[in-house]
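Residue-level structure breakdown
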Amino acid sequence: MKIRAIGLGLMLAAALAGAQPAQQPFAVLLNNPEASAFHFVLDPPELAQFDPGSSVFANVVYDYFLESPATGPTLFRTLPPGATLRLKDLPEGTHLLVGFFALPGRRDYPVRVQQLLAGGGMAERFYTMYAEPSLFRARAGRGRLAGFSATGAPALPAPSGTTQEGAVPFASRGELGLLIDNDFADWEAIPVLRSFADYSPKTFLREQIGGGRLELPLAQSRFWQKAGTGLFELKIVDNGPNLYLYASTRSAMAEGLSIYLYFRDPRDRIGENRVTVELLPAVGAKAGLAALWVKGHGPVAAGTLASGVFFLEAALDKATIYGALASGPQAGFLEISSAYHDRSSLSYEEFYYTRLALKDLPTPDTLFDVRD
């Protein structure tokens, strides 16, 4: 009789357990207080086998962004600026959120990784996503962001058949958006190619009009770091038909300043300036000029140029310049100097800065390769 009572009790307990409602799924609220859209994926299968707490996890996520997905584009869910999104029907436990903030006008995006806890005694939890501190910065136009441009990610309709709420494919890749307009804000996203903050040449060249050319110690210069001769930062991008160049100076640019771009060819004689672009900043009502000098020919326009007091930008026509190189750009290189022409003494001083291989100049595909 006792055994039968125990059996009936077990059967009753099982029946009551079966009659209880199934455990409800959990939810997480995501808030984006930033001024930029946040794009993310939840529980990416490629990262499932890795421990987010390990010291190498940042490198794992970096490789995740660097690699192209095995099949189709990665579908990122979008959390607009200032918005809140509910992630519903989450199984209880810890989930991995991987995403980035698409900063307007930039191509390097702060990457955030966040572990989300669903359940644990709460039906709904709340998380706020900030752009910083970021794990690293991923570059648009590459890997999983191959279709994403600096112009932003418009919310396009999700492909038919997708089950991810709010998932949007990225817009097609665009140009860098550099304009030669004396507004230098569009250069802020472009990495510095050369910094000359602590640079001083040991010697300089002085030439008297109608006289000889002398190489002298820098201490004898009258115009070093004056009138814009002291360059501060240099940025160059080989973008399609143009070479885009930006230069800033330590002192205000003045009339008489020239920045020389010597395009060298291996077939040229040593010391021969056969193909030269001279950048002349604007002075007063006088517009700036980019002039191409080819030995044996008169000067021609090499592109467009705009300048302010301490900044200069130019778009140079590659076909015109490279067409004057006998061996083409693959074998050529570029040397850069600044010079000041002193009309009162009919002399000028020139200061050498750097040498760059034309084939190694940054392009939109290589510009952001270095991790921040």
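Calculation notes
In this convention, every chain numbers its residues from 1, walking through the sequence in written order. It should be noted that, the model being predicted, local features are given only for residues of pLDDT at least 70 and side-chain atom pairs only at 80 or more, the latter also being counted only at that level, while totals for whole chains, interfaces and linings use all residues. Heavy atoms from the whole structure form the basis of all side-chain values; hydrogens and water molecules are not counted. Note on pairing: DSSP must find at least two bridges between two strands before they are called paired. Per the convention used, a helix needs a DSSP run of H or I reaching at least four residues, while a strand needs a run of E reaching at least two, with both numbered from the N terminus. Axis lines are fitted to C-alpha atoms, over the contacting stretch for helices. Their N-to-C directions set the angle, which ranges from 0 to 180 degrees. We define a salt bridge as a contact between a side-chain nitrogen of Lys or Arg and a carboxyl oxygen of Asp or Glu at a distance within 4 Å. The pLDDT value expresses, per residue, how confident the predictor is, ranging between 0 and 100. Should any heavy atoms of two residues lie within 4.5 Å, those residues are considered in contact. Two kinds of site are reported from a 1 Å grid over the protein atoms alone, namely cavities, where a 1.4 Å probe fits but cannot get out, and pockets, open sets with protein on both sides within 12 Å along at least five of seven lines, and residues are called lining when an atom falls within 4 Å of a point. Grid points are joined across faces, edges and corners, and a volume is the space filled by probe spheres set on the points. Under the scheme applied, nonpolar residues are Ala, Val, Leu, Ile, Met, Phe, Trp, Tyr, Cys and Pro; charged residues are Asp, Glu, Lys and Arg; polar residues are all the others, including Gly. The term polar contact refers here to a pair of N or O atoms within 3.5 Å; inside protein, the definition further demands a hydrogen-donor-capable atom paired with an acceptor-capable atom, and it admits residues adjacent in sequence only when both atoms are side-chain atoms. Put simply, two rings from Phe, Tyr or Trp (the six-membered ring, in Trp's case) pair if the centres are within 6.5 Å, and we call them stacked under 30 degrees between planes, edge-to-face over 60, tilted for the rest. Here, over-ring charges are defined by two tests on the NZ atom of lysine or the CZ atom of arginine: distance to the ring centre within 6 Å, and angle to the ring normal within 35 degrees. Working definition of a nonpolar core: buried Ala, Val, Leu, Ile, Met, Phe, Trp, Tyr and Cys residues. They are joined through side-chain atoms within 4.5 Å. Residue burial is assigned from relative accessible area. The probe radius is 1.4 Å, only protein chains are included, and a residue is buried under 20% of its type maximum, exposed over 50%, and partly exposed in between.

What follows is about the sheet that holds strand 1 (residues 26-31). An order of 4-1-7 is seen for the three strands of this open sheet, with the pairing classed as mixed. Pairing within the sheet leaves two strands with one partner each, and these edge strands are strand 4 (84-90) and strand 7 (124-128). Each adjacent strand pair in this sheet contributes to an overall mean axis angle of 20°, direction not counted.

What follows concerns the pattern of salt bridges. Taken as a whole and judged by the stated rule, the model has 12 salt bridges. R86 is the salt-bridge partner of E124, the closest N and O atoms lying 2.7 Å from each other. Taken together, the residues span a long stretch of sequence, with E124 in strand 7 and R86 in strand 4 at a distance of 38 residues. Members of the salt-bridge network, linked through shared partners, are E207, R213 and E350.

Remark: a regular strand shows side chains that alternate across the two faces of the sheet. Where strand 16 (residues 275-280) and strand 17 (residues 289-294) come together, six bridges link them in antiparallel fashion. Following the sheet pairing, T276 is matched in strand 17 by W293. Pairing analysis gives two bridges linking strand 17 to strand 18 (residues 300-301), with the strands arranged antiparallel. Bridge assignment links A291 to a residue of strand 18, and that residue is A301. Linking two consecutive strands that pair antiparallel, namely strand 17 and strand 18, is a turn of five residues; a positive phi of about 90° is found at G296 within it.

This part is about the confidence of the model for the chain. Across the chain, the average pLDDT comes to 82, with 83% of residues at or above 70. Predicted confidence for residues 1-21 stays below pLDDT 50, and this span has zero contacts to residues more than four positions away or in other chains.

The subject of this paragraph is empty space enclosed by the protein. Over the atoms, a rolling probe the size of a water molecule traces out where space has been left empty. All told, the structure shown has two cavities of 30 Å³ or more when counted by the stated rule. For the second largest cavity, the calculated volume is near 30 Å³. For the lining of the second largest cavity, the elements supplying multiple residues, two or more each, are strand 14 (242-249) and strand 15 (257-264). A breakdown of the residues in the lining of the second largest cavity according to their chemical character gives seven nonpolar, no polar and no charged.

Here we take up the environment of S307. Among the secondary structure elements, S307 is positioned in strand 19 (residues 303-307). Considering only alpha carbons, one finds S307 and V283, 24 residues apart in sequence, at a separation of 8.9 Å. Setting aside residues up to four positions removed in sequence, S307 forms contacts with N182, F184, M253, P281, A282 and L312. From its side chain, S307 meets the backbone nitrogen of A282 in a polar contact 2.8 Å long.

So, about the packing of aromatic side chains. Under the counting rule described, the total for this entry stands at 21 aromatic pairs. Taken together, the ring pairs connect Y62, Y64, F65, F76, F100, Y109 and F136 into an aromatic cluster. For the cation-ring pair, K235 lies above Y246, with the distance from its terminal atom to the ring centre recorded as 5.2 Å. The residue whose ring lies beneath R355 is F333, and the NZ or CZ to ring-centre distance is 3.5 Å.

Moving on to the sheet that holds strand 20 (residues 311-317). The five strands are arranged 10-13-14-20-19 in an open sheet whose pairing can be described as antiparallel. Strand pairing shows two members of the sheet lacking a second neighbour, strand 10 (194-195) and strand 19, which therefore form its edges. Two strands pair when backbone bridges link them, and strand 10 and strand 13 (residues 231-239) are joined in this way by two bridges, in the antiparallel orientation. Bridging from a neighbouring strand, R194 pairs with L234 of strand 13.

Turning our eyes to something else, we now look at the nonpolar core. Formed by 38 residues in total, the largest nonpolar core has its most connected members in L261, F263, V277, L279, L316 and I336. With four residues, strand 15 is the single largest residue contributor to this core. Leave out the neighbours within four places in its chain, and V277 touches I259, Y260, L261, F263, A291, L292, A302, L316 and I321. Core analysis: the next-biggest nonpolar cluster, separate from the first, contains 19 residues, L47, Y64, Y109 and A140 among them.

A separate point is helix 2 (residues 57-66). Those residues of helix 2 lying buried are F57, V60, V61, Y62, Y64 and F65. Looking at the packing, one finds that the buried side of helix 2 touches strand 2 (37-42), strand 5 (93-102), strand 6 (108-118) and strand 8 (136-139).

Bringing the environment of S195 into the picture now. Inspection of the secondary structure assignment puts S195 in strand 10. For the pair S195 and F232, spaced 37 residues apart in the sequence, the C-alpha separation amounts to 6.0 Å.

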